[in-house]
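Letter by letter, the chains look like this.
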Amino acid sequence: MTQYAIVTDLDRCVGCLACSVACKVVNGVPTGSFWNKTLRIGPNPREGGSGQWPDVELYFLNVQCQHCENPECVKVCPTGASHKTEDGTVQIDKSKCIGCQFCAMSCPYGVRYLNEEERVVEKCTLCEQKIAQGELPQCVSQCCGMARWFGDADEGIEGFVGPRGEILGEYISPFSDDQVYSLPDVGNKPSLRYILRDMKWQGGGE
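A few points on the structure. Everything quoted here is computed from the prediction, not taken from an experiment.

### Focus on the nonpolar core
Thought 1: In this structure, Tyr59, Leu61 and Trp201 are the most contacted members of the largest nonpolar core, which totals 40 residues.
Thought 2: Once you skip the residues sitting within four places of it in the chain, Leu61 turns out to touch Leu10, Lys37, Thr38, Leu39, Ile41, Leu183, Tyr194, Trp201 and Gly203.
Thought 3: The next biggest cluster of nonpolar side chains, apart from the first, holds 10 residues, and it includes Ile92, Cys97, Cys103 and Val121.

### Observations regarding the packing of aromatic side chains
Thought 1: In this structure the tally under the stated criterion is 5 aromatic pairs.
Thought 2: Judged by centre distance (5.1 Å) and plane angle (45°), the ring pair of Tyr4 and Phe150 falls under tilted. Of the two residues, Tyr4 sits in strand E1 (residues 4–9) while Phe150 sits in strand E8 (residues 148–152), which places them 146 residues apart along the sequence.
Thought 3: A relative accessible area of 25% means that Tyr4 is categorised as partly exposed.
Thought 4: The class for Phe150 is buried, based on a relative accessible area of 8%.
Thought 5: The interplanar angle of 10° and the centroid separation of 4.8 Å between the aromatic rings of Tyr181 and Trp201 together place this pair among those described as stacked. With Tyr181 in strand E9 (residues 180–181) and Trp201 in the segment after strand E10 (193–195), the pair connects residues that are 20 residues apart, well separated along the chain.
Thought 6: Classification of Trp201 by relative accessible area gives buried; the value is 11%.
Thought 7: In this structure, Lys24 packs its charged tip against the face of Phe34, placed 4.6 Å from the ring centre.

### With respect to helix H1 (residues 18–27)
Thought 1: Listed in full, the buried residues belonging to H1 are Cys19, Ser20, Ala22, Cys23 and Asn27. End-on view of H1: buried residues confined to an arc of 165°, all on one side of the axis.
Thought 2: Residues of H1 that are buried sit in contact with strand E2 (36–45), strand E3 (56–64), helix H4 (128–131), helix H5 (138–141) and E8.
Thought 3: Directly after H1, the chain includes Gly28, whose backbone phi takes a positive value near 60°.

### Brief notes about a negative patch on the surface
Thought 1: Residues Glu69, Asp154, Glu155 and Asp185 make up a contiguous surface patch of negative charge.
Thought 2: By the element assignment, Glu155 lies in the loop between E8 and helix H6 (168–171).

### Observations concerning the sheet that holds E9
Thought 1: With respect to topology, 4 strands assemble into an open sheet ordered E8-E1-E10-E9, the strand pairing being mixed. Unpaired on one side and paired on the other, E8 and E9 mark the two borders of the sheet.
Thought 2: The sheet contact formed by E1 and E10 spans 3 bridges and is parallel. Across the sheet, residue Val7 finds its bridge partner in E10, namely Arg193.

### Some remarks on the pattern of salt bridges
Thought 1: Summed over the entire model, instances satisfying the criterion amount to 9 salt bridges.
Thought 2: The shortest N-O distance in the salt bridge between Arg197 and Asp9 comes to 2.8 Å. Pair noted here: Arg197 is in the segment after E10 and Asp9 is in strand E1, with a separation of 188 residues, a long-range link. Take Arg197 and Asp9: they sit in the same class, and that class is buried.
Thought 3: A salt bridge links Arg46 to Glu57, with the nearest nitrogen and oxygen atoms 3.4 Å apart. Within this pair, whereas Arg46 is found in the loop between E2 and E3, its partner Glu57 is found in strand E3, the two being separated by 11 residues in sequence.
Thought 4: Shared partners join several salt bridges into a network, and the residues in it are Asp9, Asp11 and Arg197.

Cut-offs applied
Residues numbered from 1 in each chain as written. Predicted model: local features only at pLDDT ≥ 70, side-chain atom pairs only at ≥ 80, totals over all residues. Heavy atoms only, no water. Core = buried A, V, L, I, M, F, W, Y, C linked by side-chain atoms within 4.5 Å. Buried < 20%, exposed > 50% of the residue type's maximum accessible area, 1.4 Å probe, protein only. Contact = heavy atoms within 4.5 Å. Phe/Tyr/Trp six-rings, centres within 6.5 Å; stacked < 30°, edge-to-face > 60°. Helix = DSSP H or I, 4+ residues; strand = E, 2+ residues; numbered from the N terminus. Lys NZ or Arg CZ within 6 Å of the ring centre and 35° of its normal. Arc of directions from axis to C-beta. Patch = residues over 30% accessible without salt bridge, like charges linked within 9 Å, V, L, I, M, F, W, Y side chains within 5 Å. Areas by Shrake-Rupley, 256 points an atom, 1.4 Å probe, with all protein chains shown as cover. Salt bridge = Lys/Arg side-chain N within 4 Å of Asp/Glu carboxyl O. Lys, Arg positive; Asp, Glu negative; His and termini not counted. Charge placed at Lys NZ, Arg CZ, Asp CG, Glu CD. Pairing = 2+ DSSP bridges.

So, in structure tokens, the structure goes:
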């Protein structure tokens, strides 16, 4: 089985928003809507610290469709428009979407929105048009900080690929299993992962 996903090394992300901008450009995302949001977490006092600069923590968290193993959005879709594909991604068949927004309401991460012009729901597709041709999602290929990596989660994240063909396990700083996190799991099993080494994870989940 295949489960395509993205891993983000939060210690490398500088919050430049290149991923968010690149996503909007390549996918024609309307003004005011985002398939890929970059959130600032902090600054927060370090545990046991003074709470004064530089004794604080700050990192940037990318939030998008998590291409869940057991997606809630697929369960509630009355027409089958939201569906899970063979590569593990969650996609929307616009020809079947009736704009009811049940999927948007059921998403634990608030990453779906209604395209008012087309009256269909949209979200991150993991750039299915690119990965089908062996290319990387645009947010990965445009990450200047080498923070975002793409691959098959079922084969382990160490083999994920970076913008110029680098291998995650050979390129970034070492990390342990307890430094790999996901957004909150409510039974949907999100597939995307986040690496954070020396700061307190505050994205919920594990």
